[in-house]
Amino acid sequence: MNTNPPLVLVVEDEPPMLRFLATALAARDFRTAEAKSCKEALVAATSQNPEIILLDLGLPDGDGIALTRKIREWSQVPIIVISARGRENDKVEALDAGADDYLTKPFGVDELMARIRVALRHAAGGASGGPAVLDIGPLHLDLARREVAVDGREIHLTPLEYRLLVLLAQNAGKVLTHRQILKEVWGPPYAHQTQYLRVFMAQLRRKVEPDPARPRLLLTEPGVGYRMRDI
Ligand code: CA
């Protein structure tokens, strides 16, 4: 078993950001490797076998989205994209290319650590389904019995609402794009029917959220998708 602290590959060309990330990670006992370009990142990703990659999208010799696609050809290592504010399209493209999550600059150390924790946990869980019972704040999901309760009170969901809730709960803490959710719940031909998703999300929130207008569990990621809060 590997008892070393996880190795984080930081791909970032701006020295202050690189320093901030390296310092924050070292303070939390992570090992770090650094790359300042796509070329260096590819070499480091293959030779050093990082457990997680933090990836700036704007690099001097290319963009992080293409790099994500390249890495996904041979590796499922969690990738957290670091992007500038207001670049929703870039985030969506990176996530659809296989990135696991994103952070928008500027962000705090706590937010960074929360994202890393979630990404490492999902990577460790693998593809074998995960637990049969999920408890997320007031929400209780029993996947074997197909039962859903909020604050101990059973609620009734339609099959599509149930699949939507299970998908988000199994990915708690992780953002899912509209396209990813539509493909999983409705099927690939529906990948662009964002209005379906909006309608079902509103229905689901009415059943699950104490105050549907101010969701605590089913969070909107503006312009990107949805995220179940990780509680
Ligand atoms: Ca940059």
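It should be emphasised that the depicted structure is a prediction, and the values quoted were computed from it without experimental measurement.

Within the protein, the secondary structure is distributed over eight helices and 14 strands. Seen along its three principal axes, the alpha-carbon backbone of the protein occupies a region of about 50 × 40 × 30 Å. Considering only residue pairs separated by 6 or more positions, the protein has 60% of its internal contacts joining residues 24 or more positions apart. Surface summary for the protein: the accessible area is close to 11700 Å², and the carbon and sulfur share equals 51%. Side chains of the protein carry 30 positive and 30 negative charges; the gap between the two charge centres is 3 Å.

In this structure, Leu139, Leu141, Leu164, Leu165, Leu168, Ile181 and Met228 are the most contacted members of the largest nonpolar core, which totals 30 residues. At the level of secondary structure, the elements contributing two or more residues to this core comprise strand E8 (133–136), strand E9 (139–142), strand E10 (147–150), helix H6 (159–170), helix H7 (178–185), helix H8 (194–208) and strand E14 (225–228). The leading source of residues in this core is H6, at seven residues. In this structure, leucine 165 is in contact with Leu139, Leu141, Val148, Leu157, Leu204, Val208, Leu218 and Met228, ignoring residues within four places of it in sequence. Grouped together as the second largest cluster of nonpolar side chains are 26 residues, Ala41, Ile53, Leu57 and Ile79 included.

Let's shift gears to the coordination of the calcium ion. A four-donor tetrahedral metal ideally has 109.5 degree angles, and a six-donor octahedral metal ideally has angles of 90 or 180 degrees. Around the calcium ion, the protein supplies Asp13 (OD), Glu14 (OE), Asp56 (OD) and Gly58 (O) as donor atoms, at distances of 2.2 to 3.2 Å. Donor residues for the calcium ion sit on one chain with the sequence pattern D-E-x41-D-x1-G. With glutamate 14 in the loop between strand E1 (7–11) and helix H1 (15–27) and aspartate 56 in strand E3 (residues 52–56), the pair connects residues that are 42 residues apart, well separated along the chain. Judged by its relative accessible area of 38%, glutamate 14 falls in the partly exposed class.

This part covers the domain arrangement of the protein. When the domains of the protein are assigned, the result is domain 1 (7–127) and domain 2 (133–228). Using C-alpha coordinates to define each centre, domain 1 is positioned 26 Å away from domain 2. Tallying the contact residues gives twelve residues for domain 1 and 14 residues for domain 2. With both chains or domains summed, domain 1 and domain 2 bury close to 1000 Å², and 51% of this area falls on carbon and sulfur atoms. When residues of domain 1 are sorted by the area they lose upon contact with domain 2, Asp96, Tyr102 and His122 head the list and together hold 38% of the total. Scanning the region where domain 1 abuts domain 2 turns up two salt bridges.

It is worth spelling out the packing of H6 against H8 at this point. Remark: H6 packs on H8, axes separated minimally by 10 Å, with the N-to-C direction vectors making an angle of 80°. It follows from the interaxial angle that H6 and H8 lie roughly perpendicular. Mapping the contact onto sequence places Leu160, Glu161, Leu164, Leu165 and Leu168 in H6 and Leu197, Phe200, Met201, Gln203, Leu204, Lys207 and Val208 in H8.

In this section: the packing of aromatic side chains. A full pass over the atoms with the stated rule returns three aromatic pairs. Centroid distance tryptophan 186 to phenylalanine 200: 5.2 Å. Interplanar angle 80°. Geometry classified as edge-to-face. Separated by 14 residues along the polypeptide, tryptophan 186 in the loop between H7 and H8 and phenylalanine 200 in helix H8 bring together distant segments of the chain. Pairing tyrosine 190 with tyrosine 196 gives two aromatic rings, centres 5.8 Å apart and planes at 40°, and the pair type is tilted. Looking at tyrosine 190, the relative accessible area reads 33%, which means it is partly exposed.

Most peptide bonds take the trans form, and the phi angle of most residues other than glycine is negative. Note that the residue after lysine 105, namely proline 106, is joined by a cis bond; omega there is -5°. Of note, the phi angle at aspartate 29 is positive, near 70°, even though the residue is not glycine. Structurally, aspartate 29 can be placed in the loop between H1 and strand E2 (31–35). A residue is classified by how much of its surface remains accessible, and aspartate 29, at 58% relative accessible area, is exposed. Look at asparagine 49: it is not a glycine, yet its phi comes out positive at around 55°. With respect to the secondary-structure elements, asparagine 49 resides in the loop between helix H2 (38–48) and E3. Under the relative-accessibility criterion, asparagine 49 is labelled exposed at 61%.

Definitions and cut-offs
- Residues numbered from 1 in each chain as written.
- Predicted model: local features only at pLDDT ≥ 70, side-chain atom pairs only at ≥ 80, totals over all residues.
- Heavy atoms only, no water.
- Helix = DSSP H or I, 4+ residues; strand = E, 2+ residues; numbered from the N terminus.
- Contact = heavy atoms within 4.5 Å.
- Areas by Shrake-Rupley, 256 points an atom, 1.4 Å probe, with all protein chains shown as cover.
- Lys, Arg positive; Asp, Glu negative; His and termini not counted.
- Charge placed at Lys NZ, Arg CZ, Asp CG, Glu CD.
- Core = buried A, V, L, I, M, F, W, Y, C linked by side-chain atoms within 4.5 Å.
- Buried < 20%, exposed > 50% of the residue type's maximum accessible area, 1.4 Å probe, protein only.
- Donors = N, O, S within 2.8 Å, 3.2 Å for Na, K, Ca; no water.
- Domains from an automatic or database assignment.
- Buried area = accessible area lost by both parts, 1.4 Å probe.
- Salt bridge = Lys/Arg side-chain N within 4 Å of Asp/Glu carboxyl O.
- Axes fitted to C-alpha atoms, helices over the stretch in contact; angles between N-to-C directions.
- Parallel < 35°, antiparallel > 145°, perpendicular 65-115°, else oblique.
- Phe/Tyr/Trp six-rings, centres within 6.5 Å; stacked < 30°, edge-to-face > 60°.

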